[in-house]
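Residue-level structure breakdown
Spelled out from the first residue to the last, the chains are:
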Amino acid sequence: MCNSLAPAPYRAPSDAADEKDSRREYPPAPEPLPVPVMDNHTHLDFRHGLIEVSVRDAMDSAEAVGVQGAVQVGCDLESSRFTVQAVEADPRLLGAVAIHPNDAPEYAARGELESALAEIEALAGHPRIRAIGETGLDFFRTHGEGLAHQRYSFRRHIDIAKRLGLTLQIHDRDAHDDVVQVLREEGAPDRVVFHCFSGDEELARICNENGWYMSFAGTMTFKNAGNLRAALAIAEPGRILVETDAPFLTPHPHRGRPNASYMVPYTVRSMADVTGDDLAGLCSRLAENTLNAYGSWA
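Residues numbered from 1 in each chain as written. Predicted model: local features only at pLDDT ≥ 70, side-chain atom pairs only at ≥ 80, totals over all residues. Heavy atoms only, no water.

Structural notes on the pairing of strand β2 (residues 67–73)
- Along β2, six of the seven residues are buried, which leaves the element largely enclosed by surrounding structure.
- Bridge count for strand β1 (residues 37–42) against β2 is four bridges, and the pairing is parallel. The residue bridging Asp-39 from the neighbouring strand is Ala-70, located in β2.
- In terms of strand pairing, β2 meets strand β3 (residues 93–97) through four bridges, oriented parallel. (Buried < 20%, exposed > 50% of the residue type's maximum accessible area, 1.4 Å probe, protein only. Helix = DSSP H or I, 4+ residues; strand = E, 2+ residues; numbered from the N terminus. Pairing = 2+ DSSP bridges.)

Here it is as structure tokens:
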């Protein structure tokens, strides 16, 4: 099987086994965007399909449809180390490094959280690492005493981002009020991005008021995501971004199949439908917002 994201025509499955495998194949490429944008959040080291894809192949496929760059995001020490290697290998990438909120309690249980945070700060000194993330709170997967470790880790990540002058990429799952509370208590960094924005109009208004970015993923294309579309409709135009969170959260009409940066155009077109923007104009705004959030890719 080729090591590429080049799309193959969809083949109707002949039996249940084939159908299961087809759901693990990458979907066809969308029509290219009229103006290039960037994928604000991807995990190139995660595999979620039948094909193992190199960084170069992933970015080549993205660039072919108007996605000229991406932010590769670390979630633990291993993936954060990979992120540094990836941004050194491909100039189309910038990076973010962090200990994911669901991983923080595990590091703490092993007595390794402090050393892990120290290494994250060291990795963040690389000139192409532009964000600390993804960090934040997750009340869906972590409960009980693990939440205290999440909160502590989140506060430490905020401190690192502020001292290094980096953007903060937030993971916020079922924890909107608490994330906002911690940001206010600690004092938010100059640039804050709510990765895979999952809130409603209320959180969008809070982001507008504080100048925080809202990064929309394929979830906003889902039929049951009216809250996300309502939030996008009132979001300040200068505060919206687009991402994949690949290989997860593949946009409609390919939900459930592996995701990659080349799928961004599906989400951008859905965003244009919601905002009423001309597609080229929205692409230009998304690209400008991304540069404002993370700096130049050059």
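Notes on the pattern of salt bridges
- With the rule as written, the count across this model stands at 14 salt bridges.
- Put simply, Glu-185 and Arg-155 hold a salt bridge, and the shortest N to O gap is 2.8 Å. Here the residue Glu-185 occupies a position in helix α7 (residues 176–186), and Arg-155 occupies one in helix α6 (residues 146–164), the gap between them amounting to 30 residues.
- Residue Glu-185 is classed as partly exposed on the basis of its relative accessible area of 46%.
- When salt bridges with common partners are traced through the structure, they connect Arg-56, Asp-60, Glu-63, Asp-90 and Arg-92 into a single cluster. (Salt bridge = Lys/Arg side-chain N within 4 Å of Asp/Glu carboxyl O.)

A short note on the confidence of the model for the protein
- Chain-level pLDDT for the protein is 92 on average; 92% of the residues reach the 70-or-more range.
- Confidence drops under pLDDT 50 across residues 1–19; counting only partners more than four residues distant or on other chains, this segment forms 25 contacts. (pLDDT = per-residue confidence, 0-100. Contact = heavy atoms within 4.5 Å.)

Here's the deal with the side chain of Thr-167
- As for its position among the elements, Thr-167 is in strand β5 (residues 167–173).
- Here Ala-293 takes part through its backbone oxygen, which lies 2.5 Å from a polar atom of the side chain of Thr-167.
- Setting aside residues up to four positions removed in sequence, Thr-167 forms contacts with Arg-130, Ala-131, Ile-132, Ala-161, Arg-191, Val-193, Ala-293 and Tyr-294. (Polar contact = N/O pair within 3.5 Å; in protein donor to acceptor, adjacent residues only side chain to side chain.)

Some details on the packing of aromatic side chains
- For the coordinates displayed, the defined rule picks out four aromatic pairs.
- Aromatic pair Tyr-26 and Tyr-262: ring centres 6.5 Å apart, planes at 50°, arrangement tilted. One end of the pair, Tyr-26, is in the loop between α1 (16–22) and β1; the other, Tyr-262, is in the loop between β8 (240–242) and α10 (264–275), with 236 residues separating them in the sequence.
- Under the relative-accessibility criterion, Tyr-262 is labelled buried at 1%.
- It is Arg-173 that lies over the ring of Phe-140; its NZ or CZ is 3.7 Å from the centre. (Phe/Tyr/Trp six-rings, centres within 6.5 Å; stacked < 30°, edge-to-face > 60°. Lys NZ or Arg CZ within 6 Å of the ring centre and 35° of its normal.)

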